[in-house]
Amino acid sequence: MSKEKTPEKKFETDSGIEINPLYRNSSAHNEELPGEFPFTRGVHPTMYRDKLWTMRQYAGFSTAEESNKRYHYLLSQGTSGLSVAFDLPTQIGYDSDHAMSEGEVGKVGVAIDSLEDMEILFKGIPLDKISTSMTINATAFILLALYIALAKKQGADVKKLSGTVQNDILKEYAARGTYIYPPKPSMRLITDIFDYCSREVPAWNTISVSGYHIREAGSDAVQELAFTLANGKAYLKAAIDKGLDINVFAKRISFFFNAHNNLFEEVAKFRAARRMWAQITKEMGAIDERAMMCRFHTQTGGSTLTAQQPMNNITRVTLQALSAVLGGTQSLHTNGFDEALSLPTEQAAGIALKTQQIIAHESGVSETVDPLGGSYFIEALTDEVEKKAWDYIHRIDAMGGSVAAIEQGYMQEEIARSSYKYQRKIESGEKIIVGLNKFLADEKPPENIFRVDESIRTHQSEKLKSLRSRRDNAKVNSILAALETKAKGEENLMPIVIEAVENYATLGEIADALRNVFGEFKG
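Residues numbered from 1 in each chain as written. Predicted model: local features only at pLDDT ≥ 70, side-chain atom pairs only at ≥ 80, totals over all residues. Heavy atoms only, no water.

(A) Representation of the nonpolar core in the model. Among the nonpolar cores identified, the biggest contains 142 residues, and Met-118, Phe-122, Phe-141 and Ile-510 are the most heavily contacted of them. For this core, the leading source of residues is helix α4 (residues 140-154), giving twelve residues. In contact with Ile-510, not counting residues within four places along its chain, are Phe-141, Ile-142, Leu-480, Leu-483, Val-497, Ala-500, Val-501 and Ala-505. (Core = buried A, V, L, I, M, F, W, Y, C linked by side-chain atoms within 4.5 Å. Buried < 20%, exposed > 50% of the residue type's maximum accessible area, 1.4 Å probe, protein only. Helix = DSSP H or I, 4+ residues; strand = E, 2+ residues; numbered from the N terminus. Contact = heavy atoms within 4.5 Å.)

(B) Up close: the pattern of salt bridges. Inspection of the entire model under this criterion finds 38 salt bridges. Here Asp-241 and Lys-237 are joined by a salt bridge, their closest N and O atoms 2.9 Å apart. Placement of the pair is Asp-241 and Lys-237 together in helix α8 (residues 221-241), with a separation of four residues, close to one helical turn. Overall, the relative accessible area of 57% leaves Asp-241 in the exposed class. The salt bridge partner of Arg-271 is Asp-370, with a shortest N-O separation of 2.9 Å. Placement of Arg-271 in helix α10 (residues 263-283) and of Asp-370 in the loop between α12 (346-362) and α13 (376-399) is noted, with a sequence separation of 99 residues between them. As far as the burial class goes, Arg-271 and Asp-370 line up, both buried. Sharing partners across several salt bridges, the network here consists of Asp-95, Asp-97, Arg-468, Arg-471 and Glu-509. (Salt bridge = Lys/Arg side-chain N within 4 Å of Asp/Glu carboxyl O.)

(C) Molecular detail of helix α6 (residues 183-200). Between its first and last C-alpha atoms α6 spans 26 Å; for 18 residues at 1.5 Å apiece the expected length is 26 Å, and the two agree. Counting buried positions along α6 yields 14 of 18 residues, so the element is predominantly enclosed. (Expected span 1.5 Å × (residues − 1).)

(D) Molecular detail of the environment of Thr-298. Among the structural elements, Thr-298 can be located in strand β8 (residues 296-300). On the basis of relative accessible area, Thr-298 is assigned to the buried category, the value being 0%. A C-alpha to C-alpha distance of 6.6 Å links Thr-298 and Ala-324, two positions 26 residues apart in sequence. In this view, Thr-298 contacts Phe-256, Phe-257, Asn-258, Ala-259, Phe-270, Ala-324, Thr-329, Ser-331, Leu-332 and His-333; residues no more than four positions away in its chain are not counted. Side chain to side chain, Thr-298 and Thr-329 meet in a polar contact 2.8 Å long. (Polar contact = N/O pair within 3.5 Å; in protein donor to acceptor, adjacent residues only side chain to side chain.)

(E) Local environment of helix α1 (residues 64-76). Here α1 contains 13 residues, and its C-alpha end-to-end distance of 18 Å stays within 8% of the 18 Å for a straight helix at 1.5 Å per residue. Those residues of α1 that fall on the buried side of the exposure criterion are Ala-64, Ser-67, Asn-68, Arg-70, Tyr-71, Tyr-73 and Leu-74. On its buried side, α1 packs onto β1 (54-59), β2 (81-85), α3 (115-121) and α12. Downstream of α1 by one or two residues, Gly-78 has phi in the positive range, about 110°.

(F) Spatial organisation of the pairing of strand β4 (residues 162-165). Note that strand β3 (residues 131-135) and β4 share four bridges and pair parallel. In the strand pairing of β4, Ser-133 is matched with Thr-164. Read from β3 through α4 to β4, the crossover connection turns out right-handed. Pairing of β4 with strand β5 (residues 204-205) involves two bridges; the strand directions are parallel. When the bridges of β5 are listed, Gly-163 appears paired with Trp-204. (Pairing = 2+ DSSP bridges. Right-handed = clockwise from strand over helix to strand, strands pointing away.)

(G) Main features of the packing of aromatic side chains. Applying the stated rule across the entire model yields 19 aromatic pairs. Judged by centre distance (5.0 Å) and plane angle (75°), the ring pair of Tyr-48 and Trp-53 falls under edge-to-face. Exposure class is identical for Tyr-48 and Trp-53. Each is buried. Between the aromatic rings of Phe-122 and Tyr-147, the centroid separation amounts to 5.5 Å while the plane-to-plane angle is 85°, which identifies the pairing as edge-to-face. Placement of the pair is Phe-122 in the loop between α3 and β3 and Tyr-147 in helix α4, with a sequence separation of 25 residues. Taken as a pair, Phe-122 and Tyr-147 share a single burial class, namely buried. Taken together, Phe-255, Phe-257, Phe-270, Trp-277 and Phe-296 form an aromatic cluster joined through their ring pairs. Over the ring of Phe-37 we find Lys-282; its NZ or CZ atom is 4.6 Å from the centre of that ring. Between the NZ or CZ atom of Arg-395 and the centre of the ring of Tyr-392, over which it lies, the distance is 4.8 Å. (Phe/Tyr/Trp six-rings, centres within 6.5 Å; stacked < 30°, edge-to-face > 60°. Lys NZ or Arg CZ within 6 Å of the ring centre and 35° of its normal.)

(H) Looking closely at the layout of surface pockets. By volume, the second largest pocket amounts to about 1,200 Å³. Taken together, the elements giving at least two residues each to the lining of the second largest pocket come down to α7 (212-216), α8, α13 and α15 (410-428). For the lining of the second largest pocket, the element with the highest residue contribution is α15, accounting for nine residues. A per-class count over the lining of the second largest pocket returns eleven nonpolar, 15 polar and 17 charged. (1 Å grid on protein atoms, 1.4 Å probe; cavity = no way out; pocket = protein on both sides within 12 Å on 5 of 7 lines; lining within 4 Å. Points joined across faces, edges and corners; volume = space filled by probe spheres on them. Nonpolar A, V, L, I, M, F, W, Y, C, P; charged D, E, K, R; others polar.)

Right, here's the structure in full:
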């Protein structure tokens, strides 16, 4: 009697791409070289052999004074760029003493109300000597104005300032929710930054199109890639419609991707991103190859971290960081092992930075370009990820682009569907998360958890009261009135916003002046 053959187990990536038991050479991209169109193998010919990626640590909490101490610690430990986290009131345009700010001041980032706070935040840190990334969107124009104003006060050459302002409002509507104004005026503020910086701060990256938050909201890797590049296309179109040269401003567009646990799919995603963006920019009129390069920052996946057995997160972060390096990232942030519980402690932030340094200096992966290139599996997976991402982009294009797709709820629904599917797999045990749904262990709750002092709001409110009593309020009010008038026209708003912050108008006052003109978006 013949025995029935057991069906072969099916394997697939987190995006649902089926994995074959064996791969053979079938890629049409084997002759591509790094540093050359379409940049699948990297944006520089020698990649990390000449210069390692920028090792950033995302930090910011409580007051500017406390965050400044953490920045000096990270710089002393060898971090090569700062990445600033802002609290929710700062992100959505409220001063710390506003009623809407209660309970949130200094909690998920640093509270910045005025130029005085920026002066304290970067005390002892020359802005023309470091690269700074600022994760801020709806109020990006104000924070960039504050940064420029501070650089001028330091005597720095503004044209040499380097760094990135996230400035990606479309993913806020689709995935994250920290928007203020409706899409049209928000896009105007973004293109005002493009225009101003192309002339006045040419080394600054004027937008970091973020897939990170799309992934954190529950998308899979393919959706993260597709929706991010679709949003990038929308920003290209908005800038071209404003009369900007794609060969100039596209050089200052960067991307911000997530790195999750599925090592090979993440590497394929990063490689596909470069190839796809090169094609998108070329089709939209770019002829300068530097304008076709997809340069990106990566952060390890916050949503992958577990509160259970938190030390396991060190291993997760290591794998995720390795995928970013193997995929050719330009800068990298590694999460602290305790971030499922609280803001990272100094110890956790230090281990996270050392993780990058060990990968860079001890693993050998930085010594050759695109070390997984030519792997039958990686090449086939890169092609498959690209194919599925193009399918999404073509669907979005048919709807009229990202703004229309967001307005119709398409991206939001796709992300929600993916998130639900993934969570069901965890709950059923089909997807194993070590320490969460398998290999459990009795453990004591962690004792060393970082807590933000609840008195922060009082401290910030007192600083605001003092500031308003010392500044020239008549001049501030005159500038804010002029800002409202200019906002009703088509003039670039960056110069007057810089003038406002230089005269110590607060972030909330500037945001409110534009609320009076643009209104608020009700999602």
